[in-house]
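Close look at the chain arrangement
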Amino acid sequence: MSNRANFGSKLGVILASAGSAVGLGNIWRFPYEAGNHGGAAFIFIYLGCVLILGLPILIAEFLIGRHSRANTAGAYQKLAPGTHWRWVGRMGVLAGFLILSYYSVVAGWTLEYIFEAATNAFTGKSADDFITSFQQFSASPWRPVVWLVAFLVSTHLIIVKGVEKGIEKSSKIMMPALFIIILILVGCSVTLPGAGAGIEFLLKPDFSKVDGNVFLGAMGQAFFSLSLGMGCLCTYASYFGKDTNLAKTAFSVGVIDTCVAVLAGFIIFPAAFSVGIQPDSGPSLIFITLPNVFQQAFGNVPVLAYVFSVMFYVLLAMAALTSTISLHEVVTAYLHEEFRFSRGKAAKMVTGGCIFLGVFCSLSLGVLKEYTVGGLTIFDLFDFVTAKLMLPLGGLFIALFTGWYLDKKIVWEEITNNGTLKVPLYRLIVFILKYIAPITVSLIFINELGLL
Ligand code: PHE
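These numbers come from a predicted model, not from an experiment.

Further remarks concern the nonpolar core. Most often, soluble globular proteins keep nonpolar side chains buried together rather than apart. Of all hydrophobic cores here, the largest spans 156 residues; its most connected members are F7, I27, W28, F287, F312 and Y313. Here the element with the most residues in this core is helix α14 (residues 302-339); it accounts for 20 residues. Residues within four places of F7 in sequence aside, it is in contact with V13, A16, V163, I167, E168, Y236, Y239 and F240.

You can see S227 is positioned in the loop between α10 (212-225) and α11 (232-237). There is a polar contact of 2.9 Å between the side chain of S227 and the side chain of S20. Other than its neighbours up to four places away in sequence, S227 contacts S20, A21, C232 and L233.

Under the defined criterion, the tally for this structure stands at one cavity of 30 Å³ or more. If you add up the space inside the largest cavity, you get close to 130 Å³. Forming the walls of the largest cavity are 17 residues, and the residues nearest its centre are S20, I99, F224, S227 and L327. Taken together, the elements giving at least two residues each to the lining of the largest cavity come down to α1 (10-21), α5 (86-118), α10 and α14. Class assignment of the residues belonging to the lining of the largest cavity gives a composition of 10 nonpolar, seven polar and no charged.

The next thing to look at is the packing of helix α3 (residues 40-68) against helix α12 (residues 246-274). Across the interface, α3 lies against α12 with an axial gap of 9 Å and an inter-helix angle of 140 degrees. Regarding the angle of α3 to α12, the classification is oblique. Pair α3 / α12 crosses with right-handed handedness. In this structure, α3 uses Y46, L47, V50, L55, L58, I59, F62, L63 and R66 to contact α12, whose residues at the interface are L246, A247, T249, A250, F251, V253, G254, D257 and T258. Along the lines of polarity and charge, the residues of the contact of α3 with α12 split into 13 nonpolar, three polar and two charged.

The subject of this paragraph is the packing of α1 against helix α8 (residues 163-190). The interhelical angle for the contact between α1 and α8, taken along N-to-C directions, is 75 degrees, at an axis separation of 8 Å. As judged from the angle between their axes, α1 and α8 are roughly perpendicular. Of the residues in α8, those touching α1 at G12, L15, A16, A18 and G19 are I167, E168, S171, K172 and M175. Counted by class, the contact of α1 with α8 contains five nonpolar, three polar and two charged residues.

Our focus in this paragraph is the site of the ligand. Of all residues adjacent to the ligand, which total 15 residues, the nearest are A21, G25, Y103, F224 and S227. In this structure, an oxygen atom belonging to the ligand sits 2.7 Å away from a main-chain N or O atom of G25. Within the backbone of F224, one N or O atom sits 2.8 Å away from a nitrogen atom of the ligand. For the ligand, whose unbound accessible area comes to 320 Å², protein coverage reaches 100%. With respect to the detected pockets, the ligand is housed in the largest cavity. Partitioning the shell around the ligand into residue classes produces seven nonpolar, eight polar and no charged.

Thresholds, definitions, all that
- Residues numbered from 1 in each chain as written.
- Predicted model: local features only at pLDDT ≥ 70, side-chain atom pairs only at ≥ 80, totals over all residues.
- Heavy atoms only, no water.
- Core = buried A, V, L, I, M, F, W, Y, C linked by side-chain atoms within 4.5 Å.
- Buried < 20%, exposed > 50% of the residue type's maximum accessible area, 1.4 Å probe, protein only.
- Helix = DSSP H or I, 4+ residues; strand = E, 2+ residues; numbered from the N terminus.
- Contact = heavy atoms within 4.5 Å.
- Polar contact = N/O pair within 3.5 Å; in protein donor to acceptor, adjacent residues only side chain to side chain.
- 1 Å grid on protein atoms, 1.4 Å probe; cavity = no way out; pocket = protein on both sides within 12 Å on 5 of 7 lines; lining within 4 Å.
- Points joined across faces, edges and corners; volume = space filled by probe spheres on them.
- Nonpolar A, V, L, I, M, F, W, Y, C, P; charged D, E, K, R; others polar.
- Axes fitted to C-alpha atoms, helices over the stretch in contact; angles between N-to-C directions.
- Parallel < 35°, antiparallel > 145°, perpendicular 65-115°, else oblique.
- Left-handed = near helix turned anticlockwise from the far one by under 90°.
- Near = heavy atom within 4 Å.
- Areas by Shrake-Rupley, 256 points an atom, 1.4 Å probe, with all protein chains shown as cover.
- Sits in = over half its atoms within 2 Å of the grid points.

Next up, the structure:
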């Protein structure tokens, strides 16, 4: 496609990709997964997954996207015409659609919490009040649905503005704001009385808690957090210029994403421990812990409690938005390029479809709670199937595709920009894609899912 959109600047490339990676996965999902799986030991294994699997697969997605300059399903069609590889791209588009549906539910919650914080609804509440009000809110049949729709519509409005004016511009505003807010909140959290126990939980690994489940959790989290395995960064890379250094960009995205996750841990655990909330309270952790923490920590300076609460949920909403944009773009670009819908129409179909599925996910925490599959509600099922199955599986195939199928010359040309860049770890990256990543992902699958 000759007149295909492009990102306008190097900074835009990094901030948009990091915007996709940094999201609820870092600030909402990472802390509760770490909390459920014993803290520091999980984080340790998570870091291993990012280094050994995450970064090389990120580079692979980048190179597939930039070389083909197409949406993720079209990319495999171009690079491997007439083969079954196209299913890897299609599975990615489906995963993106499913993730966007349930992710927007949580993203919607952040809007409710901004609203509550801004209207002073947290003042004077006790820890128990926060638990009840979260449970009542998330189980309500209409309130979370309204926010879900609001969030998807906001995402929609940015997507229809296009790559440079929508995606890139919004990331350039939101990402720097997000870094500043995170640093302020970390400073505030680690100085709370009793914060030490939370810091210890984050830094002192207890390997006795480690089992196969922890590995699957850490691997799923690494893929989810880096937006990997479903063609999200592949789609973004299709808008990269010829001079973008893929390995360096991947490294920057990995470092930013990991730092934000760890810093989010430093906001949440010290705060949770300081007010005696268990770290393993699951997906509700940040919606129950944090408002309570701000109230208790700054009880005698209400204005600070107010400012910090609003700031935290604005942070969450912005982080979520830069990620929902990237999920939306994967599916919109697919419909637009493969089925020739106009971009606006494609975006409307995605938004409408996600509202439809999202409503079920939201209701499954309330009125549809009884409907479970294998003990999981629809919401949990979406999370499990995408993060723990589809993304690692997608990652496995992306590694195999780049390591074994794709012409070595293409891999070399893309990673070194036609030989103009020195990439010191080039051989290692290719070796990992060929052997280490496929074997590791398969072993974790086989071990945990009892496939053998
Ligand atoms: N990486 C995003 C986050 O951490 C979620 C996401 C997953 C976005 C997959 C795009 C693709 O919140």
